[in-house]
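Fold and contact review
Take a look at the letters that make up each chain.
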Amino acid sequence: MMNHPAALERIDTDIHVRWSDESVIASYLPRTWRQRWLNGGGHTHAGLKVHTLYYDPDEAGASGDGADSQAALDPAKLAASWLEPHRIGKAILSVYDAPVISTFGDIDYPSEVARAVNRWMEEQWLSADSRFCGSVVVATQDPQAAATEIRRAARHPGMVQVTLPSGTRMPYGHRYYRPILEAAQECGLTIAIHGGTEGMGTSNPPTSCGWPGTVAEMRVARSTSFLAHMTSLITEGVFVEFPRLKVVSFEAGAAWVPAYLWRFDKNYKGLRSECPWLKELPSEYARRYFRFGTQGVEHGDPASEFWRLLASIRGEEMLLYSSNYPRWDCESPEDSFVLATSPGEFRSSIESGVAMGTYSRLGE
């Protein structure tokens, strides 16, 4: 393992890596499932996939990586092409398509794929460079098995979060998911909800009124899926039960949050008898437990309007830097709207401070 100075500069909370060949992951699978994997059962050469059920054009390469796609295959190349040029002190890695296994119709195969991907992450990436941190992928079809895998994978100190898909059959506050949330808190792992699986496989249609006809509709409407999860997690008392848990949203934007919380607080005041376990306004739980990646955040025009809106809820305390590297729409620190326009007193916090307070294992 390459060791580096402990002093952190920037923390990139959303970097995607993958394997170069299907046989790599096959070697981590039990013999029972290897042939299905090699036959293409729910994956492509670039990662995990299922066929979408709605019109989903390529969107100028949206289904693939950007110009530096080779960096996603090799720890040394990733360090040289991204971490060092941009002064990244810690990089939280995940496999972009991995959460899609939770939309498969069966149970045993996706659970084994999750375990294989996690073992590959541990051995091929986390052992290569002390700056790399990992994400535990789980198959939510079996919450108890997912919890067992979280506890197993968390034995590696480099694992810092559990990645869940935004596209689901039920919101994450539902008690069905409690074993996963309990295991995450027990192990000191953050929950990351990543957009991109809406409408795939067994998940619900990607909007509340059905299937969109274009990617433009899909990307604009994506924030509503996370909004529903956020509402459910707060209302169902998840943070009363698990007060050390944190949740991060990737690729869902952030400018919508203030108006949403105004509406949430207003309705809660009239309907609080339905959730007597809550002791504070929903906005207070949101500020304490939720964070939002900066990549893809809405650009205010002028930028000061974006910051004025967030200031109404102290939203600057809820942002952490994420690049989505090396995807086609990734944002370097120099290209990040949030970092480029943030008031000076907020920038260092967004670059690293908020992440340090969100991912408890980063400081260990």
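Residues numbered from 1 in each chain as written. Predicted model: local features only at pLDDT ≥ 70, side-chain atom pairs only at ≥ 80, totals over all residues. Heavy atoms only, no water.

**Thoughts on the overall build of the protein chain**
- A tally of regular secondary structure across the protein chain gives 13 helices and 10 strands.
- Computed over the C-alpha atoms, the radius of gyration of the protein chain is 19 Å, within 12% of the 21 Å expected from 2.2 N^0.38 for a compact globule of 364 residues.
- In terms of principal-axis extent, the alpha carbons of the protein chain reach across some 55 × 45 × 40 Å.
- For the protein chain, the residues scored as buried account for 55% of the 364 residues in total.
- Within the protein chain, contacts between residues separated by at least 24 positions form 82% of all contacts whose residues are at least 6 apart in sequence.
- Total accessible area on the protein chain is roughly 15,000 Å²; 52% of this is exposed by carbon and sulfur atoms.
- Taking the 35 positively charged and 44 negatively charged side chains of the protein chain as two groups, their mean positions are separated by 6 Å. (Helix = DSSP H or I, 4+ residues; strand = E, 2+ residues; numbered from the N terminus. Rg over C-alpha atoms; globule rule 2.2 N^0.38 Å. Buried < 20%, exposed > 50% of the residue type's maximum accessible area, 1.4 Å probe, protein only. Contact = heavy atoms within 4.5 Å. Areas by Shrake-Rupley, 256 points an atom, 1.4 Å probe, with all protein chains shown as cover. Lys, Arg positive; Asp, Glu negative; His and termini not counted. Charge placed at Lys NZ, Arg CZ, Asp CG, Glu CD.)

**Here we look at the side chain of Ser166**
- With respect to the helices and strands, the residue Ser166 is situated in the loop between strand S6 (159-165) and helix H6 (178-186).
- Polar contacts involving the side chain of Ser166 include one to the side chain of Glu198, which spans 3.2 Å. (Polar contact = N/O pair within 3.5 Å; in protein donor to acceptor, adjacent residues only side chain to side chain.)

**So, the nonpolar core**
- Core analysis: the largest hydrophobic core is formed by 92 residues, its most contacted members being Leu78, Trp120, Met230, Phe239, Phe290 and Phe292.
- Looking at which element gives the most residues to this core, the answer is helix H4 (residues 108-126), with nine residues.
- Among residues more than four places away in sequence, those in contact with Phe290 are Phe226, Met230, Leu233, Ile234, Phe239, Val247, Tyr285 and Met318.
- Formed by 12 residues, the second largest nonpolar core is a distinct cluster that contains Ile11, Cys133, Val248 and Val354. (Core = buried A, V, L, I, M, F, W, Y, C linked by side-chain atoms within 4.5 Å.)

**What to know about unusual backbone geometry**
- A cis amide bond, omega 5°, links Asp301 with the succeeding residue Pro302.
- Inspection of the secondary structure assignment puts Pro302 in the loop between strand S9 (290-293) and helix H11 (303-311).
- Omega for the bond connecting Tyr325 with Pro326 falls within 30 degrees of zero, at 0°, which places this linkage in the cis form.
- Mapped onto the elements of the fold, Pro326 is located in the loop between strand S10 (319-320) and helix H12 (337-341).
- The phi angle at Arg87 is positive, at roughly 55°, despite the residue not being glycine.
- Following the sequence through the fold, Arg87 ends up in the loop between helix H3 (75-83) and strand S4 (88-94).

**Some thoughts on the pairing of strand S7 (residues 190-194)**
- Burial analysis of S7 places five of its five residues in the buried class, which makes it a mostly covered element.
- Bridging between S6 and S7 involves five bridges; their strand directions are parallel. Bridging from a neighbouring strand, Leu164 pairs with Ile193 of S7.
- The parallel pair S6 and S7 is bridged by H6, and the resulting crossover is right-handed. (Pairing = 2+ DSSP bridges. Right-handed = clockwise from strand over helix to strand, strands pointing away.)

**Some words on the sheet that holds S6**
- Pairing is parallel across the open sheet formed by eight strands, whose spatial order is S1-S4-S5-S6-S7-S8-S9-S10. The sheet terminates laterally at strand S1 (10-16) and S10, the two strands that pair on one side only.

**What about the environment of Val17?**
- Within the secondary structure layout, Val17 lies in the loop between S1 and helix H1 (22-26).
- Residue classification places Val17 among the buried positions, given a relative accessible area of 2%.
- Measuring from C-alpha to C-alpha, the distance between Val17 and Leu362 comes to 19 Å, with 345 residues separating the pair along the chain.
- Ignoring sequence-local partners within four residues, the contact set of Val17 consists of Ala72, Leu78, Leu93, Ser94, Val95, Tyr96, Trp120, Met121 and Trp125.

**Brief notes about the pattern of salt bridges**
- All chains considered together, the criterion is met by 19 salt bridges.
- In this structure, the salt-bridge partner of Glu241 is Arg178, at a minimum N-O distance of 2.9 Å. Of the two residues, Glu241 sits in helix H8 (residues 238-241) while Arg178 sits in helix H6, which places them 63 residues apart along the sequence.
- Residue Glu241 is classed as partly exposed on the basis of its relative accessible area of 44%.
- A salt bridge links Arg308 to Glu305; the shortest N-O distance between them is 2.9 Å. Pair noted here: Arg308 and Glu305 are both in helix H11, with a separation of three residues, about one helical turn.
- Overall, Arg308 belongs to the exposed group, its relative accessible area being 55%.
- Among the charged side chains, a network of salt bridges with common partners joins Glu112, Arg115, Glu122, Glu149 and Arg152. (Salt bridge = Lys/Arg side-chain N within 4 Å of Asp/Glu carboxyl O.)

**Description of the packing of aromatic side chains**
- In this structure the tally under the stated criterion is 20 aromatic pairs.
- Ring centres of Tyr260 and Phe264 lie 5.6 Å apart, and the angle between their planes is 45°; on these two criteria the pair is classed as tilted. Of the two residues, Tyr260 and Phe264 are both situated in helix H9 (residues 257-271); the distance of four residues between them amounts to about one turn of the helix.
- Classification of Phe264 as buried rests on a relative accessible area of 12%.
- The rings of Phe226, Phe239, Trp256, Tyr260, Phe264, Tyr285, Tyr289, Phe290 and Phe292 are connected pair by pair, giving a single aromatic cluster.
- Over the aromatic face of Tyr109 sits the side chain of Arg36, whose NZ or CZ is 3.7 Å from the ring centroid.
- For the cation-ring pair, Arg327 lies above Tyr96, with the distance from its terminal atom to the ring centre recorded as 3.7 Å. (Phe/Tyr/Trp six-rings, centres within 6.5 Å; stacked < 30°, edge-to-face > 60°. Lys NZ or Arg CZ within 6 Å of the ring centre and 35° of its normal.)

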